[in-house]
Amino acid sequence: MKRIGVFTSGGDAPGMNAAIRAVVRQAAVLGLEVVGIRRGYAGMIQGEFLPLGPRDVANILQRGGTVLLTARSQAFMTEEGRKKAYENLQQAGIEGLVAIGGDGTFRGAMRLIEEFRLPVVGVPGTIDNDLYGTDYTIGFDTAVNTALEAIDRIRDTAASHERVFLIEVMGRNSGFIALDVGIAGGAEVIALPEAPVDPRAVAEVLLESQRRGKTSSIVVVAEGAYPGGAEGLLRAIRSHAEVEARVTVLGHIQRGGSPTAKDRILASRLGAAAVEALVGGTSGVMVGEVEGEVELTPLKDAVERKKDIQRALLDLARVLSI
Ligand code: F6P
């Protein structure tokens, strides 16, 4: 293998740049050329390629977002789009790919492997932490810390006004962010897609908290935990009890910002490991970190097997919010 491509796809995540840098520099050390593909699968179809050498990735380690840009491509869902993408890769002499992203990115990679026998190795880059085969995904730690900082600020005003706040965090299908910020932010209630929430029970917890003399309460709601997110949950709570509350949706603020040290280290390690795997003739796997060690997991398992939330943490949150 002489030349490999690297791209980011799907929702961006802090640390993706650190992963790109690691891919480019590890490849250079192993004597490989690297081509950066802009805008993920969309750029592959458009032929948006640029050579990347070690100096081209200087000073990106600490930056949020992705210098290669990202997209969610509809055209790549079609056979014609994928054929065009493969032809462009062939023309550019790209013999293998490092795909940085989440489940959608890996599903696309699996199609390239199946249909064209192109070697691809995945690097888990998503704030959601919802990929099986790695304890943490790149971007999760930063997103949690960003959300936590916001929650701490909201707690100040909630306590001053003796108010209830429902704070919506990202996670359409997974509650990893909500669970961690809920614990770290001392939430009275944590609502996750993995543990259906009963508005009547939430109303009861909030009223009981008031009876116990709590001056403020925070309910952390993952966006996919209830239809309509935090707003929807509040409407449902109000149909059971009179609760005076405010809603804050943290939104895309959670996807930006400089990556934490933890994310930079994880991204550096996994980016380099992906190149080593690819050069070693491995394909169709995601490189992850499990209990401190780099592990390879089939892409199919990474996207299809369910990574469970730590239910013990949910119980702990209930105990500690007394
Ligand atoms: O997958 C990452 C993520 O940030 C999810 O948590 C969220 O549901 C989704 O992307 C939002 O996507 P978009 O930026 O396309 O609105």
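Residues numbered from 1 in each chain as written. Predicted model: local features only at pLDDT ≥ 70, side-chain atom pairs only at ≥ 80, totals over all residues. Heavy atoms only, no water.

A. Molecular detail of the site of the ligand. For the ligand, the full set of nearby residues is Arg 72, Ile 127, Asp 128, Met 170, Gly 171, Arg 172, Glu 223, His 252 and Arg 255. Arg 72 places a side-chain nitrogen or oxygen 3.0 Å from an oxygen atom of the ligand. Glu 223 places a polar side-chain atom, nitrogen or oxygen, 2.4 Å from an oxygen atom of the ligand. The protein chains hide 78% of the 400 Å² of surface that the ligand would expose on its own. Residue composition of the shell around the ligand, by class: 2 nonpolar, 2 polar and 5 charged. Both of domain 1 (3-139 + 259-304) and domain 2 (141-256) provide at least three residues apiece to the shell around the ligand. (Near = heavy atom within 4 Å. Polar contact = N/O pair within 3.5 Å; in protein donor to acceptor, adjacent residues only side chain to side chain. Areas by Shrake-Rupley, 256 points an atom, 1.4 Å probe, with all protein chains shown as cover. Nonpolar A, V, L, I, M, F, W, Y, C, P; charged D, E, K, R; others polar. Domains from an automatic or database assignment.)

B. Representation of the UniProt feature "active site" (unreviewed entry) in the chain. Residues annotated by UniProt as "active site" (unreviewed entry) correspond here to Asp 128. According to the relative accessible area criterion, Asp 128 is partly exposed, its value standing at 22%. Non-local contacts of Asp 128, meaning those with residues more than four positions away in its chain, are made with Thr 137, Phe 140, Gly 171, Ser 174, Phe 176 and Ile 177. (UniProt positions renumbered as here; feature names shortened; annotations may be inferred. Buried < 20%, exposed > 50% of the residue type's maximum accessible area, 1.4 Å probe, protein only. Contact = heavy atoms within 4.5 Å.)

C. Broad picture of helix 7 (residues 199-211). In this model, helix 7 (13 residues) spans 18 Å end to end at C-alpha, consistent with the 18 Å of a helix rising 1.5 Å per residue. Residues Pro 199, Val 202, Ala 203, Leu 206 and Ser 209 constitute the buried set of helix 7. Viewed along the axis of helix 7, the buried residues span an arc of 125°, placing them on a single side of the element. Of the residues in helix 7, the exposed ones pointing more than 90 degrees away from the buried face are Arg 200 and Arg 211. For helix 7, the secondary structure elements touched by its buried residues are strand 6 (164-169), strand 7 (189-191), strand 8 (217-222) and helix 8 (229-238). (Helix = DSSP H or I, 4+ residues; strand = E, 2+ residues; numbered from the N terminus. Expected span 1.5 Å × (residues − 1). Arc of directions from axis to C-beta.)

D. Main features of the UniProt feature "domain: Phosphofructokinase" (unreviewed entry) in the chain. In this structure's numbering, the residues bearing the UniProt feature "domain: Phosphofructokinase" (unreviewed entry) are residues 3-278. In this annotation, residues 3-278 is assigned 43% helix and 17% strand; the end-to-end C-alpha distance for the span is 11 Å.

E. Local environment of the side chain of Lys 307. Within the secondary structure, Lys 307 is located in the loop between helix 10 (299-304) and helix 11 (311-320). Asp 135 provides the closest opposite charge to the buried, salt-bridge-free Lys 307, at an N-O distance of 6.4 Å. From its side chain, Lys 307 meets the backbone oxygen of Thr 134 in a polar contact 2.7 Å long. For Lys 307, the side chain forms a polar contact with the main-chain oxygen of Asp 135, separated by 3.4 Å. (Lys, Arg positive; Asp, Glu negative; His and termini not counted. Salt bridge = Lys/Arg side-chain N within 4 Å of Asp/Glu carboxyl O.)

F. Region of interest: the packing of helix 7 against helix 8. One way to put it is that helix 7 packs onto helix 8 with a least axis distance of 8 Å and a crossing angle of 75°. In terms of axis orientation, helix 7 runs roughly perpendicular to helix 8. The segment helix 7 lies against helix 8, with Pro 199, Val 202 and Ala 203 engaging Leu 233, Ala 236 and Ile 237. Tallied by class, the residues present in the contact of helix 7 with helix 8 amount to 6 nonpolar, no polar and no charged. (Axes fitted to C-alpha atoms, helices over the stretch in contact; angles between N-to-C directions. Parallel < 35°, antiparallel > 145°, perpendicular 65-115°, else oblique.)

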